[in-house]
Number of protein chains: 4
Amino acid sequence: MNHKPCPAESATLLIHCRDQEGLVAAITHFIAAHNGNIIYLDQHVDAQKQVFFMRIEWELERFAIPAEEIGPRFEAELAQRFNMSWRLHFSNEVPRMAIFVSKLSHCLFDLLARYQSGEWQVEVPLIISNHEDLRPVAERFGIDFHVLPITKENKREQEEREIELLQQHDIDFIVLARYMQILSPEFIDRYPERIINIHHSFLPAFPGAKPYHSAHARGVKIIGATSHYVTSELDAGPIIDQGVTHVSHRDSVEDLVRKGRDLEKLVLARAVYAHIQNKVLSYDNRTVIFD
Amino acid sequence: MNHKPCPAESATLLIHCRDQEGLVAAITHFIAAHNGNIIYLDQHVDAQKQVFFMRIEWELERFAIPAEEIGPRFEAELAQRFNMSWRLHFSNEVPRMAIFVSKLSHCLFDLLARYQSGEWQVEVPLIISNHEDLRPVAERFGIDFHVLPITKENKREQEEREIELLQQHDIDFIVLARYMQILSPEFIDRYPERIINIHHSFLPAFPGAKPYHSAHARGVKIIGATSHYVTSELDAGPIIDQGVTHVSHRDSVEDLVRKGRDLEKLVLARAVYAHIQNKVLSYDNRTVIFD
Amino acid sequence: MNHKPCPAESATLLIHCRDQEGLVAAITHFIAAHNGNIIYLDQHVDAQKQVFFMRIEWELERFAIPAEEIGPRFEAELAQRFNMSWRLHFSNEVPRMAIFVSKLSHCLFDLLARYQSGEWQVEVPLIISNHEDLRPVAERFGIDFHVLPITKENKREQEEREIELLQQHDIDFIVLARYMQILSPEFIDRYPERIINIHHSFLPAFPGAKPYHSAHARGVKIIGATSHYVTSELDAGPIIDQGVTHVSHRDSVEDLVRKGRDLEKLVLARAVYAHIQNKVLSYDNRTVIFD
Amino acid sequence: MNHKPCPAESATLLIHCRDQEGLVAAITHFIAAHNGNIIYLDQHVDAQKQVFFMRIEWELERFAIPAEEIGPRFEAELAQRFNMSWRLHFSNEVPRMAIFVSKLSHCLFDLLARYQSGEWQVEVPLIISNHEDLRPVAERFGIDFHVLPITKENKREQEEREIELLQQHDIDFIVLARYMQILSPEFIDRYPERIINIHHSFLPAFPGAKPYHSAHARGVKIIGATSHYVTSELDAGPIIDQGVTHVSHRDSVEDLVRKGRDLEKLVLARAVYAHIQNKVLSYDNRTVIFD
């Protein structure tokens, strides 16, 4: 994780635990008692499963606890008492993102344009592909591009090389921008809730290969795209964002592909943005997306 | 089929056949040569399957062929030559629609409000249900309401009674307005492409029972509703219309049900309207919906 | 205001005030300290105007303060200290809604269907119109229907009679369901933020009369509907909800009217639902809509 | 206009004229009689204004009239008789597009990514800006970039230089990709229906400067973007495409700007695509967009 060369202006906690009385009061008291001004609070209770979720952000300027002690103090004073799971983020963090691609450029171009224009607070030091095709795009943006073709035989070793590259580049999370390979469970386990995929259908309809062909054959009037965290079950991980667009009998498979591209770009970008903003909490194969 | 007590102002042909050169020219010539003014023409070619589809409507005021001879003349002069399938409709037709319901009232209310306000050129002489619950709604609108509870044992005979009722009321097409019974293939064969169902999911995702529960469990961010012609395969008939709405982690199953109700009403109404307008052509389990 | 014949299960506070440190902690402490279990909390800070908004709901079962003392205690212990504006609601309240209509039935039918099916926790004892046309609809649903035709000359006295009727029926809020009269500022002042209108355009585009004609003339590709609280400035009150639908060059003004009807119904219903749920806070001619 | 180094596979006619009997029959007969196979036909009649519009495309492979004679023959045999306005296009045309930008990069990146990936059959030889900021983007894509700063005093001469550049590069149409200058009527007259602008609001709401600020101040729940042909009246030209997205009280002006960017990209790209595909016919300040 990089950091901007300035102190953090705010801290953000993402919390989940069993729902209990007094949670909100205790958490907000912890912040208020040390002179933290809350600038964001969103909470959710899953009434059925009795789980409490919260995202809370507060200004650090006059906060009495130094940044490096906030975590330990929160753990000692609150998290243990309520048996909380929690993550702490600071506003000057600049996460490092790797992009995996195959041959299609539309999502890659869109991600890089957002990165380069400064739309996102993120670094993109590494692109990995199983094909040479998009090297010119990577070079145009001045980003390291590595080609690791995958076959049944070499999958394990190629994934090991990928992990080396990811570690060398200190990568925090991975975006599969229409990467046409299935990652092994071992690979996925290394980056839990840190691999974001875009699938070109409205899941759970049309998982797997060639969803636009299937959508056309079924005669649907709406197509979709789904961004989700990758888990070991194909196209079945927690959904972060979905989008749809209308189609008609006039649209050939090629038209669906064309219309789908714009959807894929948009849905993937929204998911990556939510992830970067630390607004996604995954639980029980579903996501809580804070506003 | 009822007719308005006035001569038809226009005639509409729906045609499909193998794509061939000269089809549009021949059809439009047939109409123009007899002084018919074309007021609507929409055609579609399925390039992959080489099938031609057309909907064409023309004014009858100065048309040289009397209404009752249009069909035979079209068959003799064009349809046989090009091996066309075709249907002919007149603008003064008032189709007769039966509604099947169970316990949920939202689609029924919506259909009846459109009927009563004159929004649709249709008659609704008959409502059939497997429960008593919605009798007061039917009575409020002055429509015959018959309760035919269905069990495994009596299904065949109850469906026979339903068919009798449908025939007595001279019904042209049936709308399943959240009717919670599966019709037998024998019943369905009696009304091919004339039974419209609303399914409360974005098909092909979540067919069958309890789709909102499944959608909630899967954590989708968008829910849908699908209107389709009923075929003997459950929830797999040709799709007429679909609609979607956004949901979030905040939405319980009950919220999905509530938000879904508004979708179901709207999607069903759009499908029924397209059907009444003779704008739906079904082919190979897909629909062509003319604009 | 009616109440269900059972004690309230929960209480809800809507609060707004100048943003200050410690607000959330103080409010949640007030509830937690008296054994209230928070089941809903949504807050918003308008950073530009430095205003804090909150909706908080908690269970009353084990709450230590009796229902009738909650308001005074909250006022004394918190509201005065932070100079808060606040409203308190209980879950067993059944607000009483009047509907104003003219000649168009679609919104009226939709509202009454939701009321009758029990979709909304509301009473509808009164419908007022300036025309006789919809009396049969009101009678069909068994609701008092009063016709008060409005002319320039009689407007003041007719509005006085309307207010008498509203008071006799103990009305809490009014829904203008395509009511084609402009209410006087005096009338509006009697029901601040308690008159909900549906305007058949995407405001602020096309305010005033005949928006579908204007939309058609301008050649827009999307039409909309807007639900808002009525203020003395025409079609300029705080917006509660908006919806849109796509149109094309094929759509005549009549088609826009037809497509718009479905929008109007839906957008108005969502606004009324938000109002009934006490999820709308109006401030500075804008609304905060809690999730 | 460039052409692909291969003969055209199809020709497309765009036609409009006063509605008359026999138009479709005459046009389709012209094509069929010379062995043209119609692969696309879409027509529209503006019933109110009595205007007929058609887009018709047919295969040239066995068409009996050579490409260069189609126009003159159509003019002589049909267009004069029916007093038609018409344009003829061939499928091997590659129109040349110039992009005007100021400082914002999102639309520019999106257009160039579509161009470079081969998504569009178009050439982009020229980018003009009134600022230096986006030169690196243009260079990255290897496209001529000219900076022509505009002041009140130099506007006329700078526009003359722009026109020289456009002529030197043989430009067919211009895309204003968030170009923050108002073109003079003289400039616009040079490129009638050939300058496409993206305006960052749902026109006719919020024309002119700072629409996101105005949208925020008005408290709308939906924001939009509008792509239109530029005419001498600001933001009032014929609308080609519009898109919208939901916003809430949580969204600051900056959030509207961020959400709006994605809309602007998408709506502009759809409009440019329709233009390139020769699917736009402008009439009486409205557009017919063929499917």
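None of these values were measured; they are calculated from a predicted model.

Enquirer: Looking at this model, I keep getting lost on the packing of helix 7 (residues 211-218) of chain D against helix 8 (residues 253-276) of chain D. Mind explaining?
Expert: For any two helices packed against each other, the geometry is given by the interaxial angle and the distance between the axes. Residue and element names in this part refer to chain D. One can describe the packing of helix 7 onto helix 8 by two numbers: an axis separation of 9 Å at closest approach and a directional angle of 125°. With respect to each other, helix 7 and helix 8 are oriented oblique. Of the two elements, helix 7 crosses helix 8, and the hand of that crossing is right-handed. Along the contact surface, helix 7 presents Tyr212, His213, Ala215 and His216, while helix 8 presents Val253, Leu256, Val257, Gly260, Arg261 and Glu264. Counted by class, the contact of helix 7 with helix 8 contains five nonpolar, three polar and two charged residues.

Enquirer: What should I look at first to understand the interface of chain D and chain B in this one?
Expert: Accessible area lost upon the coming together of the parts serves often as the stated size of an interface. Each side of the interface is counted separately: chain D has 17 residues, and chain B has 17 residues. Among the residues chain D hides against chain B, the three largest losses belong to Glu21, Leu41 and Gln43 of chain D. Together they make up 34% of the total. At the surface where chain D touches chain B, the tally comes to two salt bridges. The partner of Arg62 of chain B in a salt bridge is Glu21 of chain D, and the shortest N-O contact between them spans 2.1 Å. Taken together, the links from chain D to chain B amount to three residue pairs in polar contact (both at pLDDT 80 or more). At the level of secondary structure, the elements contributing two or more residues to the side of chain D that touches chain B comprise helix 1 (23-33) and strand 3 (37-46) of chain D. Grouping the constituent residues of the side of chain D that touches chain B by class yields six nonpolar, seven polar and four charged.

Enquirer: Please clarify how the sheet that holds strand 12 (residues 222-229) of chain C should be interpreted in this entry.
Expert: What holds strands together in a sheet is hydrogen bonding between their backbones, with the strands either parallel or antiparallel. All names here are of chain C. In space, the seven strands of this open sheet follow the order 9-8-7-10-11-12-13, with mixed pairing throughout. This sheet does not close on itself; its edge strands, each paired only once, are strand 9 (144-147) and strand 13 (239-246). Here the average twist between neighbouring strands, direction ignored, is 20°. Both strand 12 and strand 13 contribute to a ladder of seven bridges, which runs antiparallel. Its bridge partner lying in strand 13, Ser227 is registered against Asp241.

Enquirer: Teacher, can you tell me more about the interface of chain A and chain B here?
Expert: Facing 35 residues of chain A, the contacting portion of chain B comprises 35 residues. When chain A packs against chain B, close to 3,000 Å² is buried across both sides, 54% of that on carbon and sulfur atoms. Contact with chain B buries area across many residues of chain A, yet Arg218, His249 and Arg286 of chain A alone supply 25% of it, more than any other trio. Joining chain A to chain B, the criterion identifies four salt bridges. With its nearest N and O atoms 2.8 Å apart, the salt bridge here joins Arg250 of chain A to Asp42 of chain B. Summed over the shared surface of chain A and chain B, the result is 21 residue pairs in polar contact (both at pLDDT 80 or more). Contributing elements (two or more residues each) for the side of chain A that touches chain B: strand 3 (37-46), helix 7 (211-218), strand 13 (239-246) and strand 15 (286-289) of chain A. Here the element with the most residues in the side of chain A that touches chain B is strand 13 of chain A; it accounts for seven residues.

Enquirer: Help me understand the domain arrangement of chain A, please; the structure alone is not making it clear to me.
Expert: Residues and elements named next belong to chain A. According to the domain assignment, chain A consists of domain 1 (2-90) and domain 2 (95-289). Between the C-alpha centres of domain 1 and domain 2 there is a distance of 31 Å. Domain 1 puts 14 residues into the contact, and the matching count from domain 2 is 12 residues. Buried surface at the junction of domain 1 and domain 2, summed over both partners, amounts to about 1,200 Å²; 55% is from carbon and sulfur atoms. Sorting the residues of domain 1 by area buried against domain 2 places Asn2, Lys49 and Phe53 first, and these three jointly supply 38% of that buried surface.

Enquirer: I would appreciate a short explanation of the pattern of salt bridges in the present structure.
Expert: A pair can form between side chains of opposite charge whenever their charged atoms are brought close. Taken as a whole and judged by the stated rule, the model has 72 salt bridges over all chains. Close ionic contact of Arg114 of chain C with Asp262 of chain B constitutes a salt bridge, the shortest N to O distance being 2.8 Å. Placement of the pair is Arg114 of chain C in helix 3 (residues 106-116) and Asp262 of chain B in helix 8 (residues 253-276), with the two residues belonging to separate chains. Measuring nitrogen to oxygen at the nearest pair gives 2.7 Å for the salt bridge that ties Arg135 of chain D to Glu132 of chain D. Overall, the relative accessible area of 26% leaves Arg135 of chain D in the partly exposed class. Classification of Glu132 of chain D by relative accessible area gives partly exposed; the value is 43%. One network of salt bridges, in which partners are shared, links Asp42 and Asp291 of chain A, Arg250 of chain B, Asp42 and Asp291 of chain C together with Arg250 of chain D.

Enquirer: Honestly, the environment of Phe63 of chain D in this entry has me stumped. Any pointers?
Expert: Residue and element names in this part refer to chain D. Along the chain, Phe63 falls in the loop between strand 4 (51-59) and helix 2 (67-82). Classification of Phe63 by relative accessible area gives buried; the value is 8%. Separated by 148 residues in sequence, Phe63 and Pro211 place their C-alpha atoms 51 Å apart. Excluding residues that lie within four positions of it along the chain, Phe63 makes contacts with Ile31, His34, Asn35, Gly36, Trp58 and Ile70.

Enquirer: I tried to follow the relation of the copies chain D and chain B on my own but got confused; where do I start?
Expert: By a simple turn and slide, chain D fits onto chain B: the slide is 0.0 Å along the axis, the RMSD is 0.0 Å, and the turn is 180°. Taken together, the rotation and translation describe the operation of a two-fold axis. Taking C-alpha positions as the reference, the residue of chain D nearest the rotation axis is Ala25 of chain D, at 2.8 Å. An overlap of 100% is found between the interface residues of chain D and their copies at the interface of chain B, pointing to a shared contact surface.

Enquirer: What should I look at first to understand helix 1 (residues 23-33) of chain B in this one?
Expert: Because the α-helix completes a turn every 3.6 residues, residues three or four places apart line up on one side. Residue and element names in this part refer to chain B. Counting buried positions along helix 1 yields eight of 11 residues, so the element is predominantly enclosed. Of all the residues in helix 1, the buried ones are Leu23, Val24, Ala25, Ala26, Ile27, Thr28, Phe30 and Ile31. Looking one or two residues past helix 1, Asn35 carries a phi angle of roughly 70°, positive in sign.

Enquirer: Teacher, can you tell me more about the relation of the copies chain A and chain B here?
Expert: Copy one and copy two of the chain differ by a rotation about an axis and a translation along that axis. When chain A is brought onto chain B, the operation consists of a screw motion whose angular component is 180° and whose axial shift is 0.0 Å, with 0.0 Å RMSD remaining. The overlap is high: 100% of the interface residues of chain A also sit at the interface in chain B, so the same surface is used on both sides.

Enquirer: Honestly, the packing of helix 1 (residues 23-33) of chain A against helix 2 (residues 67-82) of chain A in this entry has me stumped. Any pointers?
Expert: All names here are of chain A. Two elements in contact, helix 1 and helix 2, have axes whose closest approach is 11 Å; the angle formed by their N-to-C orientations is 175°. For the element pair helix 1 / helix 2, the angle class is roughly antiparallel. For the pair helix 1 and helix 2, the contacting residues are Leu23, Ala26, Ile27 and Phe30 in the first and Arg73, Phe74, Glu77, Leu78, Arg81 and Phe82 in the second. Tallied by class, residues from the contact of helix 1 with helix 2 come to seven nonpolar, no polar and three charged.

Enquirer: Got a minute to help me understand the pairing of strand 8 (residues 123-129) of chain B in this structure?
Expert: The side chains of a regular strand alternate, first on one face of the sheet and then on the other. All names here are of chain B. Judged by how many residues are buried, strand 8 sits mostly within the fold: six of seven residues are covered. The sheet contact formed by strand 7 (residues 96-101) and strand 8 spans five bridges and is parallel. When the sheet's bridge partners are listed, Val101 is paired in strand 8 with Ser129. Viewed along the sheet, the connection from strand 7 through helix 3 (residues 106-116) into strand 8 turns out right-handed.

Enquirer: Looking at this structure, I do not really get helix 5 (residues 155-168) of chain A. What am I missing?
Expert: All names here are of chain A. In this model, helix 5 (14 residues) spans 20 Å end to end at C-alpha, consistent with the 20 Å of a helix rising 1.5 Å per residue. Within the span of helix 5, buried status applies to Gln158, Glu159, Glu162, Ile163, Leu165 and Leu166. Looking straight down helix 5, one finds its buried side chains confined to an arc of 160°; they lie on one side. Counted as exposed and oriented over 90 degrees from the buried face of helix 5: Arg156 and Gln168.

The rules behind the values
Residues numbered from 1 in each chain as written. Chains lettered and ligands numbered in written order. Predicted model: local features only at pLDDT ≥ 70, side-chain atom pairs only at ≥ 80, totals over all residues. Heavy atoms only, no water. Axes fitted to C-alpha atoms, helices over the stretch in contact; angles between N-to-C directions. Helix = DSSP H or I, 4+ residues; strand = E, 2+ residues; numbered from the N terminus. Parallel < 35°, antiparallel > 145°, perpendicular 65-115°, else oblique. Left-handed = near helix turned anticlockwise from the far one by under 90°. Contact = heavy atoms within 4.5 Å. Nonpolar A, V, L, I, M, F, W, Y, C, P; charged D, E, K, R; others polar. Buried area = accessible area lost by both parts, 1.4 Å probe. Salt bridge = Lys/Arg side-chain N within 4 Å of Asp/Glu carboxyl O. Polar contact = N/O pair within 3.5 Å; in protein donor to acceptor, adjacent residues only side chain to side chain. Pairing = 2+ DSSP bridges. Domains from an automatic or database assignment. Buried < 20%, exposed > 50% of the residue type's maximum accessible area, 1.4 Å probe, protein only. Least-squares fit on C-alpha atoms with pLDDT ≥ 70 in both. Right-handed = clockwise from strand over helix to strand, strands pointing away. Expected span 1.5 Å × (residues − 1). Arc of directions from axis to C-beta.

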